Amino acid sequence: MKISILGGTGDQGFGLALRFAKNHDIIIGSRKKEKAEEAVETIKKILSSKGIEYKNIIGLDNRMASKEGEVIILSLPYQHILSTLANIREELKNKIVVSIGVPLATAIGDKPTRVIIPPQGSVAEMIRDYLKESKVVSAFQNVCSKELECIESPVDCDILVCGDDKESKKVIINLIKDIDGSIGIDCGGLEMSRYVEQITPLLIGLNIKYKLKGSGIRITGLRD
Ligand SMILES: NC(=O)c1ccc[n+]([C@@H]2O[C@H](COP(=O)([O-])OP(=O)(O)OC[C@H]3O[C@@H](n4cnc5c(N)ncnc54)[C@H](OP(=O)(O)O)[C@@H]3O)[C@@H](O)[C@H]2O)c1
């Protein structure tokens, strides 16, 4: 599958690219193609140094990355998502668009243990209302970039997935099988993302309190 990661030059997108590059073509998107290409070189170096083989990885600007990908992951700061989408709405029509954003209050200079809830209820619903012709799925809010980038170790948490389009949600749950240690859990419709997004500030608070690298959550009872 061709996975485009807009803002894949940042921490979370970079970590997801490292995890998915073994089995999928990756397109790193950036406001600047050159920056995306630099990130690609770093990803290739890291994977090669660990002896991990990878598929095709390229860097493009966000618009071209949106055109190329089958699944588009929006790895952008919450407050810059809509302005980025304004230029690429057409390219995203009928595609699976993955919302990973958490509306942390750091966007307004407040604490990372607080959120500013968008009027639509969640970042995922804000994106759905804006991209009426895309299939929006919500995932990856509760997994820390530091967990993702340690590619030799399994990720020590599950990934909660929400979405209104059942087929698109299945695609993302299947993709998560490529993240060793994690399972993708169907949490219902997109509006459940309201609760999932608000778990992250709690996890950040726990990371601070217990000096953890990146806490996560596990759903018990599903593995037998
Ligand atoms: N970091 C985590 O551990 C974590 C965990 C869970 C969820 N998330 C979510 O994942 C998303 C990405 O997080 P992150 O930590 O990777 O973010 P980040 O590093 O701060 O930013 C990601 C990328 O966004 C682009 N960007 C920055 N300012 C922008 C602007 N004004 N307009 C358009 N693009 C801009 C930059 O790419 P270019 O300069 O290349 O364009 C940057 O590399 C966020 O929504 C966050 O809530 C993060």
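Heads up: the structure comes first, above all this text.
Residues numbered from 1 in each chain as written. Predicted model: local features only at pLDDT ≥ 70, side-chain atom pairs only at ≥ 80, totals over all residues. Heavy atoms only, no water.

Draft legend 1. Examining the overall build of the protein chain more closely. Counting its regular elements, the protein chain contains nine helices and eight strands. Over its C-alpha atoms the protein chain spans a radius of gyration of 16 Å, differing by no more than 12% from the 17 Å that the globule rule assigns to 224 residues. Seen as two clouds, the 32 positive and the 30 negative side-chain charges of the protein chain have centres 3 Å apart. (Helix = DSSP H or I, 4+ residues; strand = E, 2+ residues; numbered from the N terminus. Rg over C-alpha atoms; globule rule 2.2 N^0.38 Å. Lys, Arg positive; Asp, Glu negative; His and termini not counted. Charge placed at Lys NZ, Arg CZ, Asp CG, Glu CD.)

Draft legend 2. Looking closely at the sheet that holds strand β7 (residues 159-163). Read from one edge to the other, the open sheet built from eight strands follows the order β3-β2-β1-β4-β5-β6-β7-β8, with strand pairing classed as mixed. Looking at strand neighbours, the two that pair on one side only are β3 (57-61) and β8 (184-186), the edges of this open sheet. Each neighbouring strand pair of the sheet contributes to a mean axis angle of 25 degrees, computed without reference to strand direction. Bridging between β7 and β8 involves three bridges; their strand directions are parallel. Note on β8: the bridge partner recorded for V161 is D186. (Pairing = 2+ DSSP bridges. Axes fitted to C-alpha atoms, helices over the stretch in contact; angles between N-to-C directions.)

Draft legend 3. Quick look at the packing of helix α1 (residues 11-20) against helix α2 (residues 33-49). Put simply, α1 and α2 touch, their axes get as near as 10 Å, and they point 45 degrees apart. On the basis of their axis angle, the class for α1 and α2 is oblique. Here the hand of the crossing between α1 and α2 comes out right-handed. Of the residues in α2, those touching α1 at F14, A17 and L18 are A39, T42, I43, I46 and L47. Residues of the contact of α1 with α2, tallied by class, amount to seven nonpolar, one polar and no charged. (Parallel < 35°, antiparallel > 145°, perpendicular 65-115°, else oblique. Left-handed = near helix turned anticlockwise from the far one by under 90°. Contact = heavy atoms within 4.5 Å. Nonpolar A, V, L, I, M, F, W, Y, C, P; charged D, E, K, R; others polar.)

Draft legend 4. Here's a closer look at the site of the ligand. Taken together, 21 residues lie around the ligand, and T9, S30, R31, K35 and L76 are the ones closest in. One of the side-chain N or O atoms of S30 is found 2.5 Å from an oxygen atom in the ligand. Within the complex, 78% of the 890 Å² of free accessible area of the ligand lies under protein. Within the shell around the ligand, the residues separate by chemical class into seven nonpolar, eleven polar and three charged. (Near = heavy atom within 4 Å. Polar contact = N/O pair within 3.5 Å; in protein donor to acceptor, adjacent residues only side chain to side chain. Areas by Shrake-Rupley, 256 points an atom, 1.4 Å probe, with all protein chains shown as cover.)

Draft legend 5. The pattern of salt bridges, seen in detail. Taken as a whole and assessed by the stated rule, the structure comprises 15 salt bridges. Salt-bridge contacts for K50 lead to E152; the nearest nitrogen and oxygen are separated by 3.1 Å. One end of the pair, K50, is in the loop between α2 and β3; the other, E152, is in the loop between α6 (145-149) and β7, with 102 residues separating them in the sequence. Using a relative accessible area of 56% as the deciding quantity, one classes E152 as exposed. Counted as one network, the salt bridges with shared partners bring together E125, R128, D129, D164 and R194. (Salt bridge = Lys/Arg side-chain N within 4 Å of Asp/Glu carboxyl O. Buried < 20%, exposed > 50% of the residue type's maximum accessible area, 1.4 Å probe, protein only.)

Draft legend 6. Up close: the environment of K22. The topology assignment puts K22 in the loop between α1 and β2 (25-30). Since its relative accessible area comes to 48%, K22 is described here as partly exposed. Counting along the chain gives 61 residues from K22 to S83, while the straight-line C-alpha distance between them is 31 Å. Leave out the neighbours within four places in its chain, and K22 touches I52, E53, Y54 and K55.

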